[in-house]
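# Chain and residue survey
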Amino acid sequence: MRDAYHEELDSISDGLVEMARLVGSAMGRATTALLDADLELAESVIAADAKINDLHHDLENRAIDLLARQQPVATDLRIVVTSLRMSADLERCGDLARHVAKVARLRYPATAVPGDLHPIVLEMGQLAQRLVAKAGLVISTKNVDKALELEQDDDAIDALHRELFSHLLDDRWQHGIETAVDVTLVGRYYERFADHAVSVAKRVVFLVTGEHAAEFVAAQEASQAQ
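This text gives an overview of the structure that appears in the document. These figures come from a predicted structure and were not determined experimentally. (Residues numbered from 1 in each chain as written. Predicted model: local features only at pLDDT ≥ 70, side-chain atom pairs only at ≥ 80, totals over all residues. Heavy atoms only, no water.)

Glancing now at the nonpolar core. Judged by nonpolar contacts, the single largest core of 71 residues is most densely connected at Leu34, Leu90, Val121, Leu150, Tyr190 and Phe193. Contributions of two or more residues to this core are made by helix H1 (2-36), helix H2 (39-70), helix H3 (74-107), helix H4 (118-141), helix H5 (144-168), helix H6 (176-209) and helix H7 (213-225). Beyond its immediate stretch of four places on either side in the chain, Tyr190 contacts Met27, Thr31, Leu34, Val100, Val121, Met124, Gly125, Ala128 and Ile157. (Core = buried A, V, L, I, M, F, W, Y, C linked by side-chain atoms within 4.5 Å. Buried < 20%, exposed > 50% of the residue type's maximum accessible area, 1.4 Å probe, protein only. Helix = DSSP H or I, 4+ residues; strand = E, 2+ residues; numbered from the N terminus. Contact = heavy atoms within 4.5 Å.)

Below, the discussion takes up H5. With 25 residues, H5 extends 38 Å between its outermost C-alpha atoms, agreeing within 8% with the 36 Å of an ideal straight helix rising 1.5 Å per residue. At Leu150, H5 shows its maximal kink, close to 25°. Taken as a whole, H5 has its buried residues at Val144, Ala147, Leu150, Asp154, Ile157, Leu160, His161, Leu164 and Leu168. Considering only its buried residues, H5 is in contact with H4, H6 and H7. (Expected span 1.5 Å × (residues − 1). Bend = angle between axes of the 7 residues up to and from the residue.)

Moving on to the pattern of salt bridges. Evaluation of the coordinates by the stated rule reveals 18 salt bridges. Glu149 serves as the salt-bridge partner of Lys134, at 2.6 Å between the closest nitrogen and oxygen. In this pair, Lys134 sits in helix H4 while Glu149 sits in helix H5, placing the two residues 15 residues apart along the sequence. Residue Lys134 is classed as buried on the basis of its relative accessible area, which comes to 18%. Residue Glu149 is classed as partly exposed on the basis of its relative accessible area, which comes to 28%. Within this structure, Asp49, Arg92, Asp95 and Arg98 form a network of salt bridges that share partners. (Salt bridge = Lys/Arg side-chain N within 4 Å of Asp/Glu carboxyl O.)

In structure tokens:
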């Protein structure tokens, strides 16, 4: 009976890894649709978000069912509760990829992002994909060191986000208010996507150690200082 129970826990973890894969793919395709003004690709990203939502709801229902039937404690309880929160983070990542695709669809046949900003947005999209792929790996391996790396990795997205804003605030901006709004929204979507990937990694730290990431890092630093 307990073997079946732990198989269910492993299955929930596998579902989270699959969600991470799906949202990473969605953001990659949404970025291509945005920069290439690809309407068909944008529509496919928007439609595919339903699959991510369905997986989120399935994982949520299974986790709640486990709570009710097995009444887990200690580490097992952390696994179930943390899985619920990670699933919500990943579902939000899927929503943000859909938002990027919707901007692409809204401005078709034009591109929402001016050509001179394409390299920045492309890099933001690629970094966002790598972050959530790493989050998926962390879920699978429960590697605390890798989990803690994500916050540092996120700094690169934040730097690109600031660079994007510096262009918007430049007196030489010539692309109009509508484009400025689009670029502002898109930059925010990538930045929030990355934040949710970091949140997933922090939840893995809690799952493994029983401590929140900041507390765990502080304790490690204090130990090394002694």
